[in-house]
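One-letter residues, chain by chain:
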Amino acid sequence: MTSDNNVELRVRALESLLLEKGLVEAPAIDEIIDLFENRLGPQNGGKVVVRAWTDPAFKARLLANATEAIVEMGYDAVQGEDMVVVENTPEIHNVVVCTLCSCFPWATLGLPPVWYKSAPYRARAASDPRGVLVEFGTEISDEAQVRVWDSNAELRYMVLPERPAGTGAMNEDELLALVTRDSMIGVTRAQNP
Amino acid sequence: MNGIHDMGGVHGYGPIDREEDEPVFHHAWEGKALALARVGLAGGHFDLDEFRHAMERIAPVQYLSISYYERWLEGTLMMLDAKGVVSAEEFQTRLDELSKSSGGGA
């Protein structure tokens, strides 16, 4: 592990050994990369949020047992992890972090962005969540409670953002465009129409 | 057990850097590093807890200086060595070979 070895070459060395030992075949590697690059991602979580905004029975199931409700929508857990969905309201604003590493709801949001895995976010989301929210441009009133959820390998959190005002007449595709990845982490709100 | 990875509440890391329209992977090797770790997991060579613990045992200075998917790669290498799947020597030999054939620039 010396700094002069370039990482690309190290990955290539390991890949060639695993291929040679028959522990994996090249198409399987491409398949995994394609899954994470193209099929998992916040577009899935967005559909869960829009359904919860428009279908009260689904929302109740989602808040009661998120793992099952998310599977019901066709998004399977990637690592057998359990999911919990926490609802933002005018009184309670939820934010998700993984202080130890990078645990993230892969089934609904895909892989986390670099900032989520970075030392400053991991450190400060726990100790100064309101300061972090301000950095993301999210003002929370002093009366509202901020709750921080620290994810781990077995249990992963997603935020159900508040449905923005003035969206009553919007269809599902229009609503979907308002649900950002960051709003499902809780660092921002859903976008206003 | 605390350690360098246990970052909740630690002071002094500064502001949060964000990138607009960030790609899932910034380099092709990052996707490969993730895929190879998942091959080790899916093949039953090590489990997720062992893998996380391996990454948490990366020396603190190195932990802070390498990128996220480099930690994945190093964690995978540590576990494959510990389980006798790919030894550290075997890996180093292959790395040296590749490094020579790619012009010795490593």
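The structure presented is a predicted model; accordingly, all values stated were derived computationally and were not measured.

**Concerning the pairing of strand E4 (residues 155-160) of chain A**
All names here are of chain A. With 5 of 6 residues buried, E4 is to be regarded as a mostly interior element. One ladder, built from 6 bridges, connects strand E1 (residues 82-87) with E4; its direction is parallel. Bridge pairing in E4 links Val-86 to Val-159.

**Some points on the domain arrangement of chain A**
Segmentation of chain A into domains returns domain 1 (7-38) and domain 2 (41-185). Taking the mean C-alpha position of each, domain 1 of chain A and domain 2 of chain A sit 31 Å from one another.

**Some remarks on helix H2 (residues 26-39) of chain A**
Residue and element names in this part refer to chain A. Under the 1.5 Å per step criterion, the end-to-end length of H2 is 19 Å for 14 residues, consistent within 8% with the ideal 20 Å. Among the residues of H2, those classed as buried are Ile-29, Ile-32 and Phe-36. When H2 is viewed along its axis, its buried side chains cluster within an angular range of 65° and face the same direction. Away from its buried face by more than 90 degrees, H2 exposes Ala-26, Pro-27, Glu-31, Asn-38 and Arg-39. Phi turns positive one or two residues past the end of H2, at Gly-41, with a value near 160°.

**Details of the nonpolar core**
Judged by nonpolar contacts, the single largest core of 71 residues is most densely connected at A:Leu14, A:Val49, A:Met158 and B:Ala33. A domain split of this core shows at least three residues from each of domain 1 (7-38) and domain 2 (41-185) of chain A. Other than its neighbours up to four places away in sequence, B:Ala33 contacts A:Val11, B:Tyr69, B:Trp72 and B:Leu73.

**Re unusual backbone geometry**
Its identity is not glycine, yet B:Asp21 carries a phi of approximately 50°, on the positive side. If you trace the backbone, B:Asp21 turns up in the segment before helix H1 (28-42).

**Describing the packing of helix H1 (residues 7-20) of chain A against H1(B)**
At a minimum axis distance of 10 Å, the contact between H1(A) and H1(B) shows a crossing angle of 35°. When you trace H1(A) past H1(B), the crossing you get is left-handed. When H1(A) is examined against H1(B), the residues A:Val7, A:Glu8, A:Val11, A:Leu14, A:Glu15 and A:Leu18 are found in contact with a partner set consisting of B:Trp29, B:Lys32, B:Ala33, B:Leu36 and B:Val39. Of the residues belonging to the contact of H1(A) with H1(B), the class tally is 8 nonpolar, no polar and 3 charged.

**Concerning helix H2 (residues 48-56) of chain B**
All names here are of chain B. Those residues of H2 not exposed but buried are Phe-51, Ala-54 and Met-55. Considered in projection along H2, the buried side chains sweep an arc of 95° and stay on one side of the axis. If you follow the buried residues of H2, they end up packed against H1 and helix H4 (68-82).

**Observations regarding the interface of chain B and chain A**
Across the contact, 44 residues belong to chain B and 46 residues belong to chain A. Sorting the residues of the side of chain B that touches chain A by element identifies H1, H2, H4 and helix H5 (88-101) of chain B as the ones contributing at least two each. By residue number, the principal contributor to the side of chain B that touches chain A is H1(B), which donates 9 residues. Residues that form the side of chain B that touches chain A fall into these classes: 22 nonpolar, 9 polar and 13 charged.

**Considering the environment of A:Thr54**
Residues and elements named next belong to chain A. Relative to the elements of secondary structure, Thr-54 occurs in helix H3 (residues 42-54). Among the residues examined, Thr-54 registers 14 C-beta atoms within 10 Å and is labelled partly exposed. For the pair Thr-54 and Arg-163, spaced 109 residues apart in sequence, the C-alpha to C-alpha distance is 9.6 Å.

**Quick word on the environment of A:Leu111**
Inspection of the secondary structure puts A:Leu111 in the loop between helix H6 (106-109) and helix H7 (114-117). Take A:Leu111: there are 20 C-beta atoms within 10 Å of it, and that puts it in the buried class. Between the C-alpha atoms of A:Leu111 and A:Asn65, which are 46 residues apart in sequence, the distance is 22 Å. With residues up to four places along the chain from it excluded, the contact list for A:Leu111 reads A:Phe36, A:Phe104, A:Trp106 and B:Val24.

**Here we look at the packing of H2(B) against H4(B)**
Residue and element names in this part refer to chain B. Relative to each other, H2 and H4 sit at 115°, their axes nearing to 8 Å. Classified by the angle their axes make, H2 and H4 are roughly perpendicular. Between H2 and H4 the crossing geometry is right-handed. Contacts between H2 and H4 involve Glu-50, Phe-51, Ala-54 and Met-55 from the former and Arg-71, Gly-75, Met-78 and Met-79 from the latter. Here the contact of H2 with H4 is built from residues that sort into 5 nonpolar, 1 polar and 2 charged.

About the thresholds
- Residues numbered from 1 in each chain as written.
- Chains lettered and ligands numbered in written order.
- Predicted model: local features only at pLDDT ≥ 70, side-chain atom pairs only at ≥ 80, totals over all residues.
- Buried ≥ 20, exposed ≤ 12 C-beta atoms within 10 Å, placed from the backbone.
- Helix = DSSP H or I, 4+ residues; strand = E, 2+ residues; numbered from the N terminus.
- Pairing = 2+ DSSP bridges.
- Domains from an automatic or database assignment.
- Expected span 1.5 Å × (residues − 1).
- Arc of directions from axis to C-beta.
- Core = buried A, V, L, I, M, F, W, Y, C linked by C-beta atoms within 7 Å.
- Contact = placed C-beta atoms within 7 Å.
- Axes fitted to C-alpha atoms, helices over the stretch in contact; angles between N-to-C directions.
- Left-handed = near helix turned anticlockwise from the far one by under 90°.
- Nonpolar A, V, L, I, M, F, W, Y, C, P; charged D, E, K, R; others polar.
- Parallel < 35°, antiparallel > 145°, perpendicular 65-115°, else oblique.

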